[in-house]
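So you can see what is in the structure, the chains are spelled out below.
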Amino acid sequence: MFEEIFEEELNRESVFRDASKLSPDYVPRVLVHREDEFRQLTRIFRPVIENRMSQRVLIAGSVGVGKTVLARRFGEELETRAKGRGLNLTYLHLNCRKDKTPYSVIAKILQHYNPRWPYHGLGPEKLLDDVVSYMNAHDVYLTLTLDELDYFIQLNGPDLLYTLTRVTEESGAPNRISIIAIARDKNFLRFLDAATQSTFMHNVLMLDRYTAPQLRDILSQRVGEAFKSGTVEEDTIDLIAEIASKWGDARFALELLWRAGMIADGERKNTVIPDHVRQAKAEVHPEVKREVLRELHPHEKMVLLAIVRKFMASKRAYVSSDDVEKGYHVVCEEYHEKPRLYTQFWEYVKRIEGLGLIDLKPPKSRRMGRHFRISLQEVPVSWLEKELEK
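Residues numbered from 1 in each chain as written. Predicted model: local features only at pLDDT ≥ 70, side-chain atom pairs only at ≥ 80, totals over all residues. Heavy atoms only, no water.

Q: Provide a residue-level description of the sheet that holds strand 4 (residues 177-183), including the pertinent values.
A: Strands sit in the order 2-3-4-1-5 across an open sheet of five strands; the sheet is parallel. Of all the strands in the sheet, the pair left with one neighbour each is strand 2 (89-95) and strand 5 (204-206). The mean inter-strand angle of the sheet, taken between neighbouring strand axes irrespective of direction, is 15°. Where strand 2 and strand 3 (residues 141-147) come together, seven bridges link them in parallel fashion. By the bridge assignment, Thr90 is partnered in strand 3 with Leu142. Here helix 8 (residues 194-201) sits on the sheet and contacts strand 1 (56-60), strand 4 and strand 5; the angle it forms with strand 1, its principal contact strand, is near 65°. (Pairing = 2+ DSSP bridges. Helix = DSSP H or I, 4+ residues; strand = E, 2+ residues; numbered from the N terminus. Axes fitted to C-alpha atoms, helices over the stretch in contact; angles between N-to-C directions. Contact = heavy atoms within 4.5 Å.)

Q: Residue-level account of the packing of aromatic side chains, with values.
A: Scanning the model with the defined rule gives nine aromatic pairs in all. Centre to centre, the rings of Phe38 and Phe74 are 5.6 Å apart; their planes meet at 75°, and the pair counts as edge-to-face. Here the residue Phe38 occupies a position in helix 2 (residues 35-51), and Phe74 occupies one in helix 3 (residues 67-84), the gap between them amounting to 36 residues. By relative accessible area, which is 3% here, Phe74 ends up buried. An angle of 90° between the planes, with centres 5.5 Å apart, marks the rings of Trp247 and Phe252 as edge-to-face. On the basis of relative accessible area, Phe252 is assigned to the buried category, the value being 1%. Connected via pairs of aromatic rings, a cluster forms that spans Tyr328, Tyr342, Phe345, Trp346 and Phe372. In this structure, Arg97 packs its charged tip against the face of Tyr151, placed 3.7 Å from the ring centre. Of note, Arg373 hangs over the ring of Tyr318, and the distance from its end group to the ring centre comes to 4.8 Å. (Phe/Tyr/Trp six-rings, centres within 6.5 Å; stacked < 30°, edge-to-face > 60°. Buried < 20%, exposed > 50% of the residue type's maximum accessible area, 1.4 Å probe, protein only. Lys NZ or Arg CZ within 6 Å of the ring centre and 35° of its normal.)

Q: Any details on the pattern of salt bridges? Residues and values, ideally.
A: Applying the stated criterion across every chain yields a total of 27 salt bridges. Glu77 is paired through a salt bridge with Arg81; the nearest N and O atoms lie 2.8 Å apart. Residue Glu77 and its partner Arg81 are both found in helix 3; the two are separated by four residues, about one turn of the helix. A salt bridge links Arg259 to Glu255; the nearest nitrogen and oxygen atoms lie 3.0 Å apart. Note that Arg259 and Glu255 are positioned in helix 11 (residues 250-266) at a spacing of four residues, about one turn of the helix. Of the residues examined, Glu255 reaches a relative accessible area of 26% and is grouped as partly exposed. Linked by salt bridges that have partners in common, Arg29, Arg73, Glu76, Glu77 and Arg81 make up one network. (Salt bridge = Lys/Arg side-chain N within 4 Å of Asp/Glu carboxyl O.)

Listed below in structure tokens is the structure:
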């Protein structure tokens, strides 16, 4: 039975030519509407190739604006162009939510050069010394992207970044490691020492959210790569671009396109029409993506859970930050965690707002003091509570 199902599905006609071209991991050769940022990165890194001088740059912006794909595509080209000019440079992209400790980051750098390197049992300082010794002995250079660095620094502090930017100061040898930092915003920079902060502040690329016309161009490019000719209607592309433009999020637009294609296949249709997009939109909550929830710091999740529970109890359009703080203490007790002080609690609230999960409204009157009003985006609170409690 299952063998027959498998064969039947493999032999069915599909609107897709290559669905992997819609994956968040796919890096297209041409980055539509990110040409200027690519050129800016090239100018910043020109001294790396011409003068063997390390560089640092921060790419910041909200979810789905192309930060990761820009860094990956630039890294590919930088590596190729450097080697074409006689510079032994490689590119390494690390996600700091997966490699969330200094030890893990440095071990990945070691493995990048030699997967069989015996790094177990060694401390991060010794590992980094080994990295530097290897790079000097083999005359190699590294451009390292630390994706979601803001999360890493919130978790571990700034010591690793400080060390990486000054790794060769004592020896006087050239620093062979350039760094591309990726973050949702640049507020984390204030946790760095003045010198490191200054280095990044000189090279900041803020990526704006995509407009509807820009999203349409991106979708049209991916339709050509991912779908068979003539299977996606122009109205379908227009509708997806219009829906996703509310958040300026290309990742969400591409997810809608993929889901719409899957629905068309499921209905055995040979064309993806606007109604397939409407069905796809009903399946996802772009305001609160599961991947965003998974990436929250534990205490950020507890703050958001406190907000959700206040809404479930009050049934009102807004809750006060004062009530949420009290609810946060209750949630911390439930999960056997020590609640943070108000300043840190407020940092969590501001970050949750920055991710587009909530809106903050100023107090209606002076008597309310610092107590802001909080509203939730268009997502069922019962669904959000279940996701947070998983």
